[in-house]
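Structural features, examined
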Amino acid sequence: MVLPITLVGRVNTIKMNIFPRLQYLFQSLPIQIPQKFFQELNKYVSKFLWKGKMSRISLEKLTWKFDLGGLQLPNFKNYYKANQLRFIASLFEKDKPAWIRIELDKIGENIPEDFIYKWESKWIQEKKESPILKHLIDLWNKINVDDEIKKSLLARRSLIQNRLIPFTMDNQLLYNWFQKGIRYIGDCFEGGILMSLDQLKNKYKVSNNTLFCYFQLRAYLREKLGQTMLLPKSHEIETLIQKGKIKKFISCMYNLIQKQAIKQGVHKSRQKWESDLNIKIEEKNWSRLCLEYDKYNKCPVKISAI
């Protein structure tokens, strides 16, 4: 029997019945879920929403917020990512769970907060001892695919024993910097601009024999940031991670992941309307129109015939 429920009612049914069950599983363990699982899940969701017929709106657009033209259908894959990022946020908590120290000891990492800034999954895979950490670093790298985000992450990269920065390995001169207070790349910047060696000497009282280290650092930053070597501000996702497992962490992280994922799609939808109508639609007007449509489109769920 096909349930006589509107599209909005079907979306709400998924929110109330299906989503909480999956949410519980997503936040239980830090494990990798295959892409095929989400593909199959989306097929069943689409079949339910459109009563087995061909879909008229993509699931991606249905997950957008009301003011963007969507129905706020849960994006299960992005909720899974938000839940799993809670485990990465645990690295920055004051009272860290015991499993973090156990797992990090396996790979020889002494500073939990530095883990996501110093490791790649291939190095963990070589040790074959921590599938949990391999999963977390894979997830972190998939979240931070945008070039600007990658650049902003440089600020927190350690200058001691960091394989992502080859010249820091067993570099005794950099230990002098470390002892003077230069622990991370961001410590070498002021106002987003790389300080000169003289400025570093004045601020941190580093020794005069570290000129070559400074040239190595500058060459590395020029490769990563370009000729201007301007360091962007921390990304919202990184800032939230560093706060640890705060209240409403999952919902805040989900909104940030969604915002990052749908930005381009929203512009394309608005551009199609602008092209058809031959007018320019401002973003605030686009949001207002989407909210007005949502207000008139909502109908009560019809369950009398069930």
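Keep in mind it's a predicted model, so treat the numbers as computed, not measured. (Residues numbered from 1 in each chain as written. Predicted model: local features only at pLDDT ≥ 70, side-chain atom pairs only at ≥ 80, totals over all residues. Heavy atoms only, no water.)

By the definition in use, this model includes nine aromatic pairs. Taking 4.5 Å as the distance between ring centres and 55° as the angle between the ring planes, the aromatic pair formed by F19 and Y79 counts as tilted. Of this pair, F19 sits in helix 1 (residues 7-26) while Y79 sits in helix 4 (residues 76-89), and the two are 60 residues apart along the sequence. Its relative accessible area of 15% is what places Y79 among the buried residues. Grouping aromatic residues by their ring pairs yields a cluster made of F26, F37, F38 and Y80. The aromatic ring of Y184 is capped on one face by R156, whose charged end is 4.2 Å from the ring centroid. (Phe/Tyr/Trp six-rings, centres within 6.5 Å; stacked < 30°, edge-to-face > 60°. Helix = DSSP H or I, 4+ residues; strand = E, 2+ residues; numbered from the N terminus. Buried < 20%, exposed > 50% of the residue type's maximum accessible area, 1.4 Å probe, protein only. Lys NZ or Arg CZ within 6 Å of the ring centre and 35° of its normal.)

Inspection of the entire model under this criterion finds nine salt bridges. The partner of K96 in a salt bridge is E113, with the nearest N and O atoms 2.9 Å apart. With K96 in the loop between helix 4 and helix 5 (98-107) and E113 in the loop between helix 5 and helix 6 (115-118), this residue pair connects regions lying 17 residues apart in the sequence. Judged by its relative accessible area of 29%, K96 is partly exposed. Notably, a salt bridge pairs E109 with K118, separated by 3.6 Å at the nearest N-O pair. Of the two residues examined, E109 and K118, each falls in the buried class. (Salt bridge = Lys/Arg side-chain N within 4 Å of Asp/Glu carboxyl O.)

Right, let's talk about the state of the cysteines for a bit. Joining two cysteines, a disulfide is a covalent bond between their sulfur atoms. Per the stated rule, a full pass over the model turns up zero disulfides. For C188, which is in no disulfide, the shortest distance to another cysteine sulfur is to C213 and amounts to 11 Å. A relative accessible area of 0% places C188 in the buried class. (Disulfide = S-S within 2.5 Å.)

This part covers helix 10 (residues 172-180). Those residues of helix 10 lying buried are L174, N176 and W177. Down the axis of helix 10, the smallest arc covering the buried residues is 145°, so these residues share one side. Exposed residues on helix 10 whose side chains face more than 90 degrees from its buried face are Q172 and Q179. Looking at the packing, one finds that the buried side of helix 10 touches helix 11 (197-204) and helix 12 (211-225). Here helix 10 starts with a cap whose side-chain oxygen sits 3.1 Å from the backbone nitrogen of L173, and that cap is N171. Trailing helix 10 by a residue or two, G181 shows a phi angle of about 115°, which is positive. (Arc of directions from axis to C-beta. Contact = heavy atoms within 4.5 Å. Polar contact = N/O pair within 3.5 Å; in protein donor to acceptor, adjacent residues only side chain to side chain.)

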